[in-house]
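Notes for the structure review
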Amino acid sequence: QVTLMESGGGLVQAGGSLRLACVASGSGFVGSGFASFTMGWYRQAPGKQRREFVAAVVGSGYPNYAESVKGRATISRDNAKNTVYLQMNNMKAEDTGVYYCNGALTYYDGTYDYWGQGTQVTVSS
């Protein structure tokens with residue numbers, strides 16, 4: 001099993017910054033372990049039923065971002081610490097939501113998809 005624990009959420013004023021962290025633990029990281037997994041951040045805005053993609057980073061560190069956060073977000077990972085980070089700058093009210101950490105891998109025996117419990121981010125305008 002795998003546990004993803006997010007931290008760093010809170011209340012921030014528009015234009016401010018936050019750094020989220022997600023620490024992974026457990027024995028469910030198949031393949032070469034944590035480094036094999038694509039780690040990502042998703043968010044669910046108030047009143048929305050679906051989570052939207054924010055950013056992801058593959059094991060080698062190559063990032064991918066949603067258009068809505070490009071230029072304002074930086075995702076990074078420390079494979080030695082089983083941790084992925086999301087730095088958000090120049091935050092906007094529309095960044096408000098619950099941010100979820102995700103770890104995903106398609107392996108020879110199936111697809112592995114893990115989620116954290118989420119951390120609330122509120123941007124006040």
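Above this text sits the structure in question.
Note that this is a predicted model, so its numbers are computed, not measured.

Conventions adopted
Residues numbered from 1 in each chain as written. Predicted model: local features only at pLDDT ≥ 70, side-chain atom pairs only at ≥ 80, totals over all residues. Heavy atoms only, no water. Disulfide = S-S within 2.5 Å. Helix = DSSP H or I, 4+ residues; strand = E, 2+ residues; numbered from the N terminus. Buried < 20%, exposed > 50% of the residue type's maximum accessible area, 1.4 Å probe, protein only. Phe/Tyr/Trp six-rings, centres within 6.5 Å; stacked < 30°, edge-to-face > 60°. Lys NZ or Arg CZ within 6 Å of the ring centre and 35° of its normal.

1. Focus: the state of the cysteines
Disulfide: a covalent bond formed between the sulfur atoms of two cysteine residues. On inspection of all chains with the given rule, the structure shows one disulfide. Bridging C22 to C101, the disulfide has an S-S length of 2.1 Å. As the torsion about the S-S bond is roughly -80°, the C22-C101 disulfide counts as left-handed. Pair noted here: C22 is in strand β3 (residues 18-26) and C101 is in strand β9 (residues 97-107), with a separation of 79 residues, a long-range link. For the residue pair C22 and C101, the accessibility class agrees, reading buried in each case.

2. Brief notes about the packing of aromatic side chains
With the rule as written, the count across this model stands at eight aromatic pairs. Considering the side-chain rings of F29 and F37, the 4.7 Å spacing of their centres and the 90° angle between planes classify their relative orientation as edge-to-face. Each ring, one from Y42 and one from F53, has its centre 5.6 Å from the other, and the planes form 70°; the classification is edge-to-face. On the criterion of sequence distance, the pair formed by Y42 in strand β4 (residues 38-44) and F53 in strand β5 (residues 52-57) is long-range, its members being 11 residues apart. Taken together through their ring pairs, the aromatic side chains of F29, F34, F37, Y112 and Y114 make up a single cluster. The ring of Y100 carries the charged tip of R51 above its face, separated from the ring centre by 3.6 Å. Its end group placed over the ring of W115, R51 keeps NZ or CZ at 4.7 Å from the ring centre.

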